[in-house]
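Structural overview for review
These are the residues of each chain, in order.
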Amino acid sequence: MSGAARADSRTLATLILIGIANHSVLSGSRVAVALDALSMGASSFTVGVLISLYALLPMFLSVAVGRLVDRIGARRPMVVGSVLVGIGATLPFALPGMPALFGSAVLLGVGFMAFQIAAQNTTGGLGEPATRSRNFSLLALGYSVSGFVGPLSAGLAIDQFGFRATFAAFALVPLIPLAVLASGRLVLPGPHPATGGTRHAGVLALLRHRTLRHVFAINALLSLGWDLHTIFVPVYGAKIGLSASEIGGVLSSFAAATFVVRLFMPVIARRLREHQVLAAALVVAGVVFLAFPFSQSVPALLALSFALGLGLGAGQPMVLSLLHAHAPAGHIGEAVGVRMSLVNSM
């Protein structure tokens, strides 16, 4: 392995680790915010609004953040994003009550969006194009770990120590990414200006690109299924009398499945084409959501959540690889931002 390849591997490994830290806070806080609101007597509609607030600012700001990453590089957006994640987790600890939950959801959503766009843009630029699918699969594996750890730790902590202690613990986790980024040891790429002297017509040009348009649409559908699961399970679980730990376990079962399927993505990618994987993911999601309302036992919900994770977990690495393969040079961050905006609009 060459020196450049080793440096890229170290950068990717570090990105995965600090991504796990920030994403654990995001995924765990969604459970804690939803259950805390329900414990205060909030309606299912209010919980839906709370979870939607995670996506409100990212829906409008993702494209601008993607362009900013193209212009100034990844480091500063990752630092700012980690700071906002920490502040968002601190609010419900410092100021218990519904207003703090609303503020927390907004800050956590926009903070992780800034971090994630910069991290994905960096991952796409590591190594050769032939290694891009592998790199995104490894990054997605990391998010599968945090998607498992976050909800499960939130449920266990709530049952054992209460909501304030849970939020206090989450508020400490972003200090890990901040320490890594402040050390200067993580080598991140600088700006990626457009090349060739050609003008780019912005978002409309990306949406007019036939392949990118299809990639954006499929990813939006996959994300819709993903977030419906995140909202549905805490509300439905509370309605049928599940404990916080059981609800966290069902959500973690989904994350465990995404880890399993992404572990085998290199084998899947060799045997199936991208459109076959994405079509299968949508079919699995539809079948699982049809079955959910007829299931009330924890084992059944665990199995359904796991099946949904197998389907939806296979889609993201394929989508990100296609996105970086077809986006115009110098506008990859912008394309990632468009994807993120569409994802959050769901």
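Residues numbered from 1 in each chain as written. Predicted model: local features only at pLDDT ≥ 70, side-chain atom pairs only at ≥ 80, totals over all residues. Heavy atoms only, no water.

A short note on the overall build of the protein
- Looking only at helices and strands, the protein has 15 helices and 0 strands in total.
- At 19 Å, the protein has a C-alpha radius of gyration in line with the 20 Å of a compact globule built from 346 residues.
- In terms of its C-alpha atoms, the protein occupies a principal-axis envelope of roughly 60 × 40 × 40 Å.
- Counting over 346 residues, the protein shows a buried share of 50%.
- Counting only contacts in the protein whose residues sit at least 6 apart along the sequence, the fraction spanning at least 24 positions is 83%.
- For the protein, the exposed surface amounts to about 14,700 Å²; the carbon and sulfur share of it is 68%.
- Across the protein, the centroid of the 21 positively charged side chains sits 8 Å from that of the 9 negatively charged ones. (Helix = DSSP H or I, 4+ residues; strand = E, 2+ residues; numbered from the N terminus. Rg over C-alpha atoms; globule rule 2.2 N^0.38 Å. Buried < 20%, exposed > 50% of the residue type's maximum accessible area, 1.4 Å probe, protein only. Contact = heavy atoms within 4.5 Å. Areas by Shrake-Rupley, 256 points an atom, 1.4 Å probe, with all protein chains shown as cover. Lys, Arg positive; Asp, Glu negative; His and termini not counted. Charge placed at Lys NZ, Arg CZ, Asp CG, Glu CD.)

Here we look at the packing of aromatic side chains
- In this structure the tally under the stated criterion is 6 aromatic pairs.
- Relative to Phe292, the ring of Phe232 lies with its centre 5.3 Å away and its plane at 55 degrees, an arrangement referred to as tilted. Of this pair, Phe232 sits in helix α9 (residues 210-239) while Phe292 sits in the loop between α12 (274-291) and α13 (298-313), and the two are 60 residues apart along the sequence.
- Looking at Phe232, the relative accessible area reads 27%, which means it is partly exposed.
- Through a chain of ring-to-ring contacts, the aromatic side chains of Phe232, Tyr236, Phe289 and Phe292 assemble into a single cluster. (Phe/Tyr/Trp six-rings, centres within 6.5 Å; stacked < 30°, edge-to-face > 60°.)

Quick word on a nonpolar patch on the surface
- Among the surface-exposed residues, Val145, Phe148, Val149, Phe259, Val260, Leu263, Phe264, Val267, Phe306 and Leu310 lie close enough to one another that they form a single nonpolar patch of about 740 Å² accessible area.
- Among the elements of the structure, α5 (132-161), α10 (244-263) and α13 are those that each provide at least two residues to the nonpolar patch.
- On the secondary structure map, Phe148 appears in helix α5. (Patch = residues over 30% accessible without salt bridge, like charges linked within 9 Å, V, L, I, M, F, W, Y side chains within 5 Å. Salt bridge = Lys/Arg side-chain N within 4 Å of Asp/Glu carboxyl O.)

Looking at the layout of surface pockets
- If you add up the space inside the largest pocket, you get close to 890 Å³.
- Taken together, 43 residues make up the lining of the largest pocket; nearest its centre are Leu26, Arg30, Trp226, Asp227 and Val343.
- When residues of the lining of the largest pocket are assigned to their parent elements, the largest contribution, 10 residues, is made by α9.
- By volume, the second largest pocket amounts to about 270 Å³.
- Every residue lining the second largest pocket is listed: Arg210, Thr211, His214, Val215, Ile218, Arg273, Glu274, His275, Leu278 and Leu322.
- With 5 residues, α9 is the largest single contributor of residues to the lining of the second largest pocket.
- Tallied by class, residues from the lining of the second largest pocket come to 4 nonpolar, 3 polar and 3 charged. (1 Å grid on protein atoms, 1.4 Å probe; cavity = no way out; pocket = protein on both sides within 12 Å on 5 of 7 lines; lining within 4 Å. Points joined across faces, edges and corners; volume = space filled by probe spheres on them. Nonpolar A, V, L, I, M, F, W, Y, C, P; charged D, E, K, R; others polar.)

Notes on the side chain of Ser62
- Mapping Ser62 onto the fold places it in helix α2 (residues 44-72).
- Note on Ser62: relative accessible area 0%, which makes it buried.
- A polar atom in the side chain of Ser62 sits 2.5 Å from the backbone oxygen of Pro58.
- When neighbours within four sequence positions are excluded, Ser62 is seen to be in contact with Met113, Ile117, Gly337, Met340, Ser341 and Asn344. (Polar contact = N/O pair within 3.5 Å; in protein donor to acceptor, adjacent residues only side chain to side chain.)

Considering the confidence of the model for the protein
- Chain-level statistics for the protein give a pLDDT mean of 86 and a share of 93% at 70 or above.
- Element-level mean pLDDT values for the protein span from 71 in helix α8 (residues 203-208) up to 97 in helix α6 (residues 163-172). (pLDDT = per-residue confidence, 0-100.)

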